[in-house]
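Summary of the model geometry
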Amino acid sequence: MPHAAPLPEDPRAGAVEAWLHRVLATLDETLADTPVPLAGDAGRRRYRRLHTDRGPRLLVDAPPETENSLAWLAVGAWLRRHGLGAPAVLAADPAAGHLLVEDLGETTLARAVADAPPARVDALYRRVLDTLVDLQRAGLEDPPALPAYDRERLREETHRFRRWFAEGLLDLPVPGPLFDALVEDLAEASLAAPRVVTHLDWHSRNLLLGEDDRIGIVDFQDARSGPAAYDVVSLLRDCYLRWSEGDEARWLAHYLARARAAGIPGTADEAAFRRCYGLCGIQRHLKALGIFARLQLQEGRSTHLRDAPRVLDHLSAALPAFPETRAFGAWFEATLRPAFARRTAA
């Protein structure tokens, strides 16, 4: 989710601003202030917040060579059709990567719970999980055309950890056979689960609170057909927040009760679901570390890497829990975590 912050020079700024003025003339809206640049997410989308005489807007520039605006538009239309909180689209030129959309505000779930009392946090997380069940159930009733979260994608994501984090950031060779076996085992765990609509980035910075605590959903362009456990673990073992084991267990039980009642595939067998949940979490956190390191090394963006210690802690807790991940977990603790500590100290 974007937020206000200094940004480097944007070579596409002139083109998107010229497009904005043409669009506002067509919509008969008047710009009330200068668009304010916002820091983006882990992708290459750029955001500007603005107001017209008809309300707040978000100007999005998504370079077509790296960002799939057609997928974003299609998934967003499907979400809105089912009463889910994707932003309305006021104008779009997907070939150029320019979008003018409803501004859902700045109150992310992460911000809302930062200083909230426990009862409020609990209510919000239950609401977010209920919204996730609504999304998954909508996918059963009206399946959208989504690519599969397939073996090739899973392998590529997990290998980001080796390429960017271990070898790129830490200059640390990863034991090849050990890591290759881990990649395949994590892919198998995901592929063995029944398929549902999977957001792939369902976490505290991508969920917004609107009026009456309505959940706004953003960054859904990468949605795929994947395991139900993936989005649950993305939320409850968030890269940006850490909850107690008691909180996680309570919210996971709430999700499972709601999901079973809704007939969500893959939730009836609790042991199988929990295994998928844990292994999907490991795959996701390895991917996240790779993305965080790439943003630092390739783009000079260090904001995400600051969250790496929390992700490392998630992995330290999860890797010993499964026979197929314990050997990698031992190397992770003995070699990688000390290497990261040395880099951080330096």
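Description of the structure in this document. For clarity, every value in this text was computed on a predicted model and none was experimentally measured.

Procedures and definitions
Residues numbered from 1 in each chain as written. Predicted model: local features only at pLDDT ≥ 70, side-chain atom pairs only at ≥ 80, totals over all residues. Heavy atoms only, no water. Helix = DSSP H or I, 4+ residues; strand = E, 2+ residues; numbered from the N terminus. Expected span 1.5 Å × (residues − 1). Buried < 20%, exposed > 50% of the residue type's maximum accessible area, 1.4 Å probe, protein only. Contact = heavy atoms within 4.5 Å. Polar contact = N/O pair within 3.5 Å; in protein donor to acceptor, adjacent residues only side chain to side chain. Salt bridge = Lys/Arg side-chain N within 4 Å of Asp/Glu carboxyl O.

1. Observations concerning helix α2 (residues 69-81)
- Relative to the 18 Å expected for 13 residues at 1.5 Å per residue, α2 spans 18 Å between its end C-alpha atoms, a close match to the ideal helical length.
- Buried within α2 we find S69, A71, W72, L73, V75, G76, W78 and L79.
- Summarising the contacts, the buried residues of α2 are in contact with β5 (89-93), β6 (98-102), α4 (118-141), β7 (195-198) and β9 (215-217).
- A side-chain oxygen of the first residue of α2 lies 3.3 Å from the backbone nitrogen of L70; this N-cap is N68.

2. As for the pattern of salt bridges
- By the definition in use, this model includes 32 salt bridges.
- Between D219 and R45 there is a salt bridge whose closest N-O contact spans 3.6 Å. On the criterion of sequence distance, the pair formed by D219 in the loop between β9 and β10 (224-227) and R45 in the loop between β2 (36-39) and β3 (46-52) is long-range, its members being 174 residues apart. You'll find D219 and R45 in the same group, each marked buried.
- Note that R111 and E106 form a salt bridge whose closest N and O atoms lie 3.9 Å from each other.
- Through salt bridges with shared partners, a single ionic network connects R49, D103, E106 and R111.

3. Re unusual backbone geometry
- If you check the backbone angles, L200 has positive phi at about 80° while not being a glycine.
- With respect to the secondary-structure elements, L200 resides in the loop between β7 and β8 (207-209).

4. What about helix α8 (residues 245-261)?
- Over its 17 residues, α8 runs 24 Å from end to end, which matches the ideal 24 Å to within 8%, given 1.5 Å per residue.
- Three or more residues of α8 are buried, namely D247, E248, W251, L252, H254, Y255, L256 and A259.
- Close packing links the buried residues of α8 with α4, α7 (228-236) and α9 (270-299).
- Following α8 by one or two positions, G263 has its phi on the positive side, about 75°.

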